[in-house]
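Take a look at the letters that make up each chain.
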Amino acid sequence: MKWEGHRQSDRVEDLRGGSNGGGARPRAGGRRIGLGGIFIALLAAWLFGINPLTVLGLLGGGEAALEASTPASQLPARTPAEAFVKTVLADTEDVWAAYFGQRGLQVEPPRLRLFTDPVPTACGTGEAAMGPFYCPGDEYVYLDLGFFDTLHRQLGAPGDFAQAYVIAHEVGHHLQHKLGISGQVQKARLRLSKAEGNQLSVRLELQADCLAGVWAHHSQRGKGWLEQGDIEEALNAAARIGDDVLQRAARGTVVPESFTHGSAAQRQRWFRAGLQGGRIEACDTFKVQEL
């Protein structure tokens, strides 16, 4: 992915190092969790109803090891990882502004916060190394960069476009929020059983995957910055975080009614649906019977 040299978003806030002007600096090359530890932690996540991606983020020990406290003002203002995030976010801003503008609509883009230490959000406290999530209450995407290390080294999904897919997926959740889709889903879940509510969550997540595909379609048409193998990186990442793959890794069995994000095949299928046509209309996961 030839991302260097493109516009960077000014909507990224770097909270790493703590909000009090100081904090611990992440140190690369720290202790890593073995596969056995990952599987045990995933099993605990499924038993207690915790989002497995949150657990995986917490296991990103390679980026979570800490050096001595360093004032936030002394932390690097611009690292390649931060520049990458800003560049991808800027492109989502450009793509969606053009897409909705052509339809006479204006959708305010999200902001993004990079963090490592616990951070207050409108959705509760974002924990250190929690991984990526979107909070509709304050309309921020929250990202611990250590999750990308987990994605690469522990889940087997390397590549810059795999990381871009993760960011675009969270931006997709922002679009769902602004368009009123996620609010409708949350209201509907209150009237449903847990299994039925899980199914709605799956459809919401798969739609965000599809929206990430729509972004990738228009991003490539506009910049031509994708290289051979980039799309495969995103598809591989989508598969590696499929509910069936994570469940099988955690406990050796798969329970479809407990899915909340979709299977590997479903996540790949809906990313492709958005990628191929580049149309939001192809992302209506709530009207199809077979996902």
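The present account deals with the structure reproduced in this document. (Residues numbered from 1 in each chain as written. Predicted model: local features only at pLDDT ≥ 70, side-chain atom pairs only at ≥ 80, totals over all residues. Heavy atoms only, no water.)

Some words on the nonpolar core
Across soluble globular proteins, nonpolar side chains show a tendency to be buried alongside one another. Ranked by size, the top nonpolar core spans 54 residues in total, and within it Met 1, Val 85, Trp 96, Phe 161, Tyr 165, Trp 215 and Phe 271 carry the most contacts. Residue assignment for this core shows that the elements contributing at least two residues are helix 4 (80-101), strand 4 (111-114), strand 8 (140-143), helix 5 (146-154), helix 6 (160-178), helix 8 (194-223), helix 9 (230-240) and helix 11 (264-277). Beyond its immediate stretch of four places on either side in the chain, Phe 271 contacts Phe 161, Tyr 165, Asp 209, Cys 210, Ala 212, Gly 213, Ala 216, Ala 234 and Leu 235. The next biggest cluster of nonpolar side chains, apart from the first, holds 6 residues, and it includes Val 119, Phe 133, Tyr 140 and Tyr 142. (Core = buried A, V, L, I, M, F, W, Y, C linked by side-chain atoms within 4.5 Å. Buried < 20%, exposed > 50% of the residue type's maximum accessible area, 1.4 Å probe, protein only. Helix = DSSP H or I, 4+ residues; strand = E, 2+ residues; numbered from the N terminus. Contact = heavy atoms within 4.5 Å.)

Let's talk about the environment of Asp 10
Turning to its location among the elements, Asp 10 is positioned in the segment before strand 1 (12-14). Sequence spacing of Asp 10 and Ala 90 is 80 residues, and the spatial spacing of their C-alpha atoms is 8.0 Å.

Thoughts on the pattern of salt bridges
One pass over the full model with this rule turns up 12 salt bridges. Taking the shortest distance from any N to any O, the salt bridge between Arg 11 and Glu 108 comes out at 3.2 Å. Of this pair, Arg 11 sits in the segment before strand 1 while Glu 108 sits in the loop between helix 4 and strand 4, and the two are 97 residues apart along the sequence. Residue Glu 82 pairs with Lys 86 through a salt bridge whose shortest N-O separation is 3.2 Å. Residue Glu 82 and its partner Lys 86 are both found in helix 4; the two are separated by 4 residues, about one turn of the helix. For Glu 82, a relative accessible area of 3% gives the class buried. One salt-bridge network, in which partners are shared between bridges, spans Asp 14, Arg 16, Glu 82 and Lys 86. (Salt bridge = Lys/Arg side-chain N within 4 Å of Asp/Glu carboxyl O.)

What to know about the packing of aromatic side chains
Taken as a whole and judged by the stated rule, the model has 10 aromatic pairs. With centroids separated by 6.3 Å and ring planes inclined at 80°, the aromatic side chains of Phe 115 and Phe 133 adopt a geometry described as edge-to-face. Of the two residues, Phe 115 sits in the loop between strand 4 and strand 5 (119-121) while Phe 133 sits in strand 7 (residues 133-135), which places them 18 residues apart along the sequence. Residue classification places Phe 115 among the buried residues on the basis of a relative accessible area of 1%. Among the residues examined, Phe 133 registers a relative accessible area of 16% and is labelled buried. Looking at Arg 103, its charged tip hangs above the ring of Tyr 99, at a distance of 3.6 Å from the centre. Across the ring face of Trp 225, the terminal group of Lys 223 is positioned such that the distance to the ring centre comes to 5.2 Å. (Phe/Tyr/Trp six-rings, centres within 6.5 Å; stacked < 30°, edge-to-face > 60°. Lys NZ or Arg CZ within 6 Å of the ring centre and 35° of its normal.)

Focus: the packing of helix 4 against helix 8
At a minimum axis separation of 9 Å, helix 4 and helix 8 run at an interaxial angle of 95°. Viewed along their axes, helix 4 and helix 8 adopt a mutual orientation that is roughly perpendicular. Between helix 4 and helix 8, the contacting residues are Val 88, Asp 91, Thr 92, Asp 94, Val 95, Trp 96 and Tyr 99 on the first element and Leu 211, Val 214, Trp 215, His 218, Ser 219 and Lys 223 on the second. For the contact of helix 4 with helix 8, a count of residues per class yields 7 nonpolar, 3 polar and 3 charged. (Axes fitted to C-alpha atoms, helices over the stretch in contact; angles between N-to-C directions. Parallel < 35°, antiparallel > 145°, perpendicular 65-115°, else oblique. Nonpolar A, V, L, I, M, F, W, Y, C, P; charged D, E, K, R; others polar.)

Comments concerning the pairing of strand 8
Here strand 8 shows two buried faces, one formed by Tyr 140 and Tyr 142 and the other by Val 141 and Leu 143. For strand 4 and strand 8, the ladder comprises 4 bridges, and the chain directions are parallel. Counterpart to Arg 111 in the pairing with strand 8 is Tyr 140. By the bridge criterion, 3 bridges tie strand 7 to strand 8 in an arrangement that is antiparallel. In the strand pairing of strand 8, Cys 135 is matched with Tyr 140. Joining the antiparallel neighbours strand 7 and strand 8 is a turn of 4 residues, in which Glu 139 adopts a positive phi near 60°. (Pairing = 2+ DSSP bridges.)

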